[in-house]
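Letter by letter, the chains look like this.
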Amino acid sequence: MADRLTGVPGIRAVVLGGSRARGAHRPDSDWDLGLYYRGAPGLAALTALASALQGSPVEVAGPGGWGPWVNGGAWLRVDGVPVDWILRDLDRVEAVWSACREGRFEVGIQPGHPLGFWSPAYPGEVALGRVLTDPHGELTSLQQETADYPEPLRAALAEAAWEAEFSVAAARKSAPAGDRLHVSLCLSRAFGVLAQSLHAHHRTWCLNEKGALAAAAALPDTPADFEERVGEALEGLDAAAVETAAALVRDVREVLRSG
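Draft legend 1. Local environment of the pairing of strand β3 (residues 73-78). Looking at chain direction, β3 and strand β4 (residues 81-89) are connected through six bridges and run antiparallel. Looking across to β4, one finds that Gly73 is bridged to Ile86. Between the antiparallel neighbours β3 and β4 lie two residues, among them Asp79 with a positive phi of about 55°.

Here you go:
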């Protein structure tokens, strides 16, 4: 499939991503293929190929069809196996990587990412993916670069933990009124930021929210009972829960300052 995809106009490389690339998949896990393109991918050719592989019509979302960051792609079932095609603009990925090396990142609104899409996910996907086809060597070269986590990015994402403290302070104002929606959103945001900061502290790519809490808890020097304390706060969503979150933020920021 990867070989046929690189025959589509605009497609420069195909990368296996997700849990299967990392060896953390379950038997029923999807196969996630990143389709890296330059210019405009041949949408008609992609649609024809997807439909042929599945044996029935498939809708392929073009660039921007799935939002500003996830971009576009298609969900296929090939011989009963779920296969996801995910479009990635290689020029944009390279631009984000350049910004990351200078310690600059963005967090964009993106459907499917309740804590936002953190731009370092782009180079992180390249770093953690398995290159399947790369006729021009572009992804292979970029993957070699992303193997070294940039120190400016590490410092910037570790410093971003200030937002977790700010979010907890906002939750503290809403907890007495019983505004569980606002409290839950504030605390979730705080814990998501902490997960990103802890990963960066250890120069480890964090791609999205899925599994981020457990992964952060497993990192060296993460405060004891990190995952349990997060669960306690998100279950309570009251004044006591906010103070649990505040103590956890303080503990994490102390870890971040130590490095």
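Okay, back to it.
Draft legend 2. Structural view of the packing of aromatic side chains. Applying the stated criterion across every chain, the model contains eight aromatic pairs. Relative to Phe166, the ring of Trp162 has its centre 6.0 Å away and its plane inclined at 70°; by these criteria the two rings are edge-to-face. Residue Trp162 and its partner Phe166 are both found in helix α8 (residues 162-174); the two are separated by four residues, about one turn of the helix. These aromatic residues form a ring-pair network of at least three members: Trp69, Phe117 and Tyr122. In this structure, Arg92 is placed above the aromatic ring of Trp69, and the distance from its NZ or CZ to the ring centre is 4.0 Å.

Draft legend 3. Structural view of the sheet that holds β4. Across the sheet, five strands lie side by side as β3-β4-β2-β1-β7; this open sheet has mixed pairing. Lying at the two open borders of the sheet, with one neighbouring strand each, are β3 and β7 (130-133). Taken pair by pair, the neighbouring strands of this sheet meet at an average axis angle of 30°, ignoring direction.

Definitions and limits used
- Residues numbered from 1 in each chain as written.
- Predicted model: local features only at pLDDT ≥ 70, side-chain atom pairs only at ≥ 80, totals over all residues.
- Heavy atoms only, no water.
- Pairing = 2+ DSSP bridges.
- Helix = DSSP H or I, 4+ residues; strand = E, 2+ residues; numbered from the N terminus.
- Phe/Tyr/Trp six-rings, centres within 6.5 Å; stacked < 30°, edge-to-face > 60°.
- Lys NZ or Arg CZ within 6 Å of the ring centre and 35° of its normal.
- Axes fitted to C-alpha atoms, helices over the stretch in contact; angles between N-to-C directions.

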